[in-house]
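# Tertiary structure, described
One-letter residues, chain by chain:
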Amino acid sequence: MSKQFTLGKTERLKSRKSIEQIFAVGKKLVTGSFRVLYVLNSDVLTPSLAFGAGVSSKHFKKAVDRNRVKRLMREAWRLQKSDLEEMIRSQKQSMHVFCIYTGKALPDYKEVFEKLTDVISKLVKVCVK
RNA sequence: GCUACAAGCCAGGCUAUCGAUCCUGUUAGCUUAGGCAAACAGGGUAGGAAAGUCCGGACAGCAAAGAGCAAUGCACCGGUGAAUAGCCGGGUCCUGCCGCUACUUAGGCAUCGGCAGGAACAGAAAGUGCCACAGAAAAUAACUGCCUGUUCUCUUCUUCGGAAAAGGACCGGUGAGGUUGAAAACGCAGGGUAAGAGCCUACGGCUGGUAAUGGUAACGUUAUUGGCGGGUAAACCUUGCAUGCUGAAAUGCCACGUAUAGUACCCUCGAAGGGCUGCUCGCCCAAGCUCGCCAAAAGCGGGCAGGGUACAGGGUAGGCAGAUUGAUCCCGAUAAGCAAUUAUCGGGACAGAUAAAUGAUAGCCCACGACAGAAUCCGGCUUACCGGCUUGUAGCGUUU
């Protein structure tokens, strides 16, 4: 059994191109102050799941705060993504997810964690369809 | 011990669990033999301001015959440094405080000396502009006032010729007085005069020249001579000096892909066009090859090629270098220097991501944690900031 709680290079959205693609053709999911964009491809040879996080600099002027939110989001994703990962592997799909925090106040860890639980369960449903 | 100021240093800690990135090592794997990538182990991983982008560089690319104008920046001197509007030292001026002398109306107080602070500190005697309120007036001078003269009115005196006083008008002189103001035509005293004025003189202040002298210089001192025409250049301006443009999304290489691609028009012998710094002058670049007709040249025609403008479209955005050890920073010693700083020797430290790591959660402890997140690098400046520690100086208090 491989490690579950990793978030290495291959599991993050790394290239500018794929992010632009998500913004262009991705589907939208909104839960509370989170906006989630995703692209799902079925019948792929190597199943993969990639994640990216973003915060608008309009709402958070200071770079310190933006880093904090992004770190919280990555952490919450890292700890909860395993269900989604298994699902995708069994269905032989590949999914790119980009998550944007649109709230104006600095969130705490609990809030982010719970919201991302919702997001992941919704994404699992999308995979099943 | 407390308080204030200055300089320097630190920027919550520990443990557990789960991660990220970079480096090193080991093991096994794949390979097109360049590498690729996995597991495990060990180690490194935000700042004093990483910020603002206000100065200065390094580095890179493009451009580069020149002159003038414009534009921008700088503006006491010397040193330091790669360089600056930084830093250090000095000079000048201004402000405040203290001391002292001349003077004195006995309150003070010029000059001088000391201490502290400040200065975008070239030019106001090239020109233009501006100077609120108050004030006669903010720079040309006017108004008021003062004074000589002429004339008129009226009064008094009279030796009957005139004389004196007052008031009005005019011509002229004057810049002394005029309640203000941040600032009022160098200050003050004497002379001078019809009244007056640096008009003249003494003392003092400011300032230009000359000479001597000290200093690398700014500048100081002394002598002599001329002047004294308010301020403002962070108003335009003038003078001197300097300055190509762009900015790591720079740039170079590799891979992939494509296309010496397409359409339209124009040009190829004094053309179009392009370049030189924004403009002007002036200058420079540039115009090719080939075939046929023809004895040759000119000329004509064809083809290829090249250049310009416009249109429509296409491709790439992956990797490596740049790029993290450098004009580096810190500590100690020695030497030079008033200092900033420099040299030598010894020791130590220094993240490197690329959609972007340097983290998350829980527990414990305490002074209860501020401002705040690297993005090519470095030197400064400025701004933000909870608190703690060390050293020095000054004051107060306690003990001996």
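Reference entry: report on the structure contained in this document. All figures in this text were calculated on a predicted structure; none of them were measured in a lab.

The rules behind the values
Residues numbered from 1 in each chain as written. Chains lettered and ligands numbered in written order. Predicted model: local features only at pLDDT ≥ 70, side-chain atom pairs only at ≥ 80, totals over all residues. Heavy atoms only, no water. Helix = DSSP H or I, 4+ residues; strand = E, 2+ residues; numbered from the N terminus. Buried < 20%, exposed > 50% of the residue type's maximum accessible area, 1.4 Å probe, protein only. Contact = heavy atoms within 4.5 Å. Core = buried A, V, L, I, M, F, W, Y, C linked by side-chain atoms within 4.5 Å. Arc of directions from axis to C-beta. Patch = residues over 30% accessible without salt bridge, like charges linked within 9 Å, V, L, I, M, F, W, Y side chains within 5 Å. Areas by Shrake-Rupley, 256 points an atom, 1.4 Å probe, with all protein chains shown as cover. Salt bridge = Lys/Arg side-chain N within 4 Å of Asp/Glu carboxyl O. Lys, Arg positive; Asp, Glu negative; His and termini not counted. Charge placed at Lys NZ, Arg CZ, Asp CG, Glu CD.

Bringing the overall build of chain A into the picture now. When helices and strands are tallied, chain A shows four helices and four strands. Considering chain A as a whole, with its 129 residues, one finds that 39% of them fall into the buried category. Considering only intrachain contacts with a sequence separation of at least 6, the fraction spanning at least 24 residues in chain A is 82%.

Structurally, Trp-77 can be placed in helix H2 (residues 63–80). For Trp-77 and Ile-120, which are 43 residues apart along the polypeptide, the C-alpha to C-alpha distance reads 8.5 Å.

Take the nonpolar core next. Membership of the largest hydrophobic core comes to 28 residues, with the highest contact counts inside it found for Met-73, Trp-77, Leu-84, Met-95, Val-97 and Leu-123. Counting residues per element, the ones that place at least two in this core are strand S2 (34–42), strand S3 (48–55), H2, helix H3 (82–91), strand S4 (93–101) and helix H4 (109–128). In terms of residues, this core owes the most to one element, H4, which gives eight residues.

Before going further, it helps to examine H3. Restricting attention to buried positions, one finds in H3 the residues Ser-82, Leu-84, Glu-85 and Ile-88. Seen end-on, H3 carries its buried residues on one side only, within an arc spanning 160°. Along H3, exposed side chains directed more than 90 degrees from the buried face belong to Asp-83, Glu-86 and Ser-90.

Turning next to a negative patch on the surface. A surface patch of negative charge is lined by Asp-108, Glu-111, Glu-114 and Asp-118. Within the secondary structure layout, Glu-111 lies in helix H4. Using a relative accessible area of 32% as the deciding quantity, one classes Glu-111 as partly exposed.

Glancing now at the environment of Glu-75. Structurally, the position occupied by Glu-75 is in helix H2. For Glu-75, a relative accessible area of 30% translates into the label partly exposed.

Mapped onto the elements of the fold, Gly-32 is located in the loop between strand S1 (27–31) and S2. Exposure remark for Gly-32: the relative accessible area of 61% places this residue in the exposed category. C-alpha separation for the pair Gly-32 and Lys-115, spaced 83 residues apart in sequence, amounts to 7.6 Å.

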